[in-house]
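Spelled out, the chains give:
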Amino acid sequence: MMKTLLRRTSPLLILLLFGLGAKILMQTKEAPEQKPEEMPIPIVDVTQVTQQTVSLNLPSYGVVNPKYKTQLVTEVQGRMLTISPNFVAGGIVKKGEQLAQIEPSDYEADLMQAEATLAQATAALNEEIARGEVAKIEFKGYDKGLPPELGLRIPQLKKEQANVKYAQAALARAQRNLERTVIRAPFDGIIKARNVDLGQYVSLGTNLGELYDTSVAEIRLPISNDDLAYLESVDNPDTQVTLSASLAGKENTWDGNIIRSEGVIDAENRMVYLVAEIKDPYLRANKVAGSLPLKYGSFVNAVIKGRTVDGIVKLPRHVVRNDLVALVNDKNIVEMRHVNIVRSDLDNVYIKDSLKTGERVATTHFNSMANGQLVKVLGEAALPTKTPKEDTPESSLAATGVK
């Protein structure tokens, strides 16, 4: 009977023992060690803010053209007798240099004829003066009042004087026409084109060729109407400009000046054109070793010097997003600050009255960057990666990911 009772109650006793042992274990177990949550801290690169005085330069572009250019046109007619070797496209000529000559024989004959006509008129005038003196003697005892002008040969004298003036004008015209048979360069320049050949007959007004002045070059530089505010003077934009172009496989620069504004807004592109001037673009007066001439027709990039502004902070363009920059304080906490952008170009932005010298601006951006975020500055010692139980509000904010 006892054995039967023990056999039936033994499973229950075993369960009770296991339950009691489990209860004892649960009551005596040690609490697990509390480990703080590990948060990844982003790494950023920074640049230190420096205020400086800068010129708000304006970029532009344009094509180089001569300030003066002229069509060489004949003022007399005839056959082309000679043509100078320099009178070819690309030829460099000096002021007064003979470029071509028209057959002068007819004009030499005209000059001789004009000289003879003048000599005849002068002789006739002298003869009439003598006759007038004789007439005065003959009318010396005239007692019927004043002697008549016709008797004193005054009208005849005036006629001969007029004939002399006419002959003098004809002689001057003949001299000019003879001089015009020689085509000369009106200024130092380069021949753009020649339109005649040796032996060709030319008439009045024939276009012989085109000459470009090499003393001064001009470049029309378009800028937007708003960019005029960055010049020292809108009405008189007298400022410096630097031109650059790739010639002979290398980048070359030339210095010039803005001499005027065209004063109107182009109806097609809504741009205002400033005119830059470069003296001696072909380096004829002052040849510098290693420098290259600024040839007409070249496409150049220009940097126009703008007005000078103090307290400007210059930052790379990618650092500013939606007029905000990320500052990193001495505790490596991020502050998103709105900035006042006074100008921007393709590479940089220029900020005023927003940042102080010595502040650090993050040049690395990531999508979750926000106020109060903890970061690690590239190149500095590693910061703790554990969030303490009690910390500053900023650290707590970073740890919880609250923006």
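Cut-off values and rules
- Residues numbered from 1 in each chain as written.
- Predicted model: local features only at pLDDT ≥ 70, side-chain atom pairs only at ≥ 80, totals over all residues.
- Heavy atoms only, no water.
- UniProt positions renumbered as here; feature names shortened; annotations may be inferred.
- Helix = DSSP H or I, 4+ residues; strand = E, 2+ residues; numbered from the N terminus.
- Contact = heavy atoms within 4.5 Å.
- Areas by Shrake-Rupley, 256 points an atom, 1.4 Å probe, with all protein chains shown as cover.
- Expected span 1.5 Å × (residues − 1).
- Salt bridge = Lys/Arg side-chain N within 4 Å of Asp/Glu carboxyl O.
- Buried < 20%, exposed > 50% of the residue type's maximum accessible area, 1.4 Å probe, protein only.
- Pairing = 2+ DSSP bridges.
- Axes fitted to C-alpha atoms, helices over the stretch in contact; angles between N-to-C directions.

In the nomenclature of an unreviewed UniProt entry, the protein is known as Efflux transporter, RND family, MFP subunit of Shewanella baltica. What UniProt states about the protein under its Sequence similarities (unreviewed entry) heading is, verbatim, "Belongs to the membrane fusion protein (MFP) (TC 8.A.1) family."

Within the protein one finds four helices and 24 strands. Considering only intrachain contacts with a sequence separation of at least 6, the fraction spanning at least 24 residues in the protein is 74%. Working note: accessible area of the protein is about 25600 Å², and carbon and sulfur atoms make up 53% of it.

Moving on to helix 3 (residues 154-180). When the terminal C-alpha atoms of helix 3 are compared, their 39 Å separation across 27 residues agrees well with the 39 Å that a helix rising 1.5 Å per residue should span. Buried residues along helix 3 sit against helix 2 (105-138).

Looking now at the pattern of salt bridges. A complete count under the given rule lists 11 salt bridges for this structure. Arg194 is the partner of Asp197 in a salt bridge, and the nearest nitrogen-oxygen pair spans 3.1 Å. In this structure Asp197 comes out as partly exposed when scored by relative accessible area, which is 47%. Here Arg337 makes a salt bridge to Glu335, at a shortest N to O gap of 3.3 Å. What makes Arg337 buried here is its relative accessible area of 18%.

Position of Tyr212 relative to the elements: it lies in strand 12 (residues 207-213). Note: C-alpha distance between Tyr212 and Lys69 (143 residues apart in sequence) is 4.4 Å. Contacts of Tyr212, omitting those with residues within four sequence positions, involve Pro66, Tyr68, Lys69, Phe187, Asp188, Gly189, Ile190, Lys192 and Tyr296.

Our focus in this paragraph is helix 2. An ideal rise of 1.5 Å per residue puts 50 Å on 34 residues; helix 2 measures up with 50 Å between its terminal C-alpha atoms. Taken together, the buried positions of helix 2 are occupied by Tyr107, Leu111, Ala114, Leu118, Ala121, Leu125, Glu128, Gly132 and Ala135.

Moving on, we get to the sheet that holds strand 6 (residues 78-83). The antiparallel open sheet is built from four strands, whose spatial order is 9-8-6-11. Edge positions in the open sheet fall to strand 9 (182-184) and strand 11 (201-202), since each of these has one partner strand only. Bridge analysis of strand 6 against strand 8 (residues 98-102) gives three bridges, and the strand direction is antiparallel. Along strand 8, the bridge assignment pairs Thr82 with Gln101.

What follows is about unusual backbone geometry. You will see that Asp280, though not glycine, has its phi angle at about 50°, which is positive. The residue Asp280 is located in the loop between strand 16 (271-279) and strand 17 (299-304) in this model. Although it is not a glycine, Asn322 sits at a positive phi angle of roughly 55°. Of note, Asn322 is situated in the loop between strand 18 (308-316) and strand 19 (324-328). Note on Asn322: relative accessible area 74%, which makes it exposed.

A few words now on the sheet that holds strand 21 (residues 341-344). Sheet architecture is open: four strands sit in the order 3-18-22-21, paired in antiparallel fashion. Of all strands in the sheet, those with a lone pairing partner are strand 3 (52-55) and strand 21, marking the two edges. With strand direction ignored, the average angle separating the axes of adjacent strands in the sheet is 50°.

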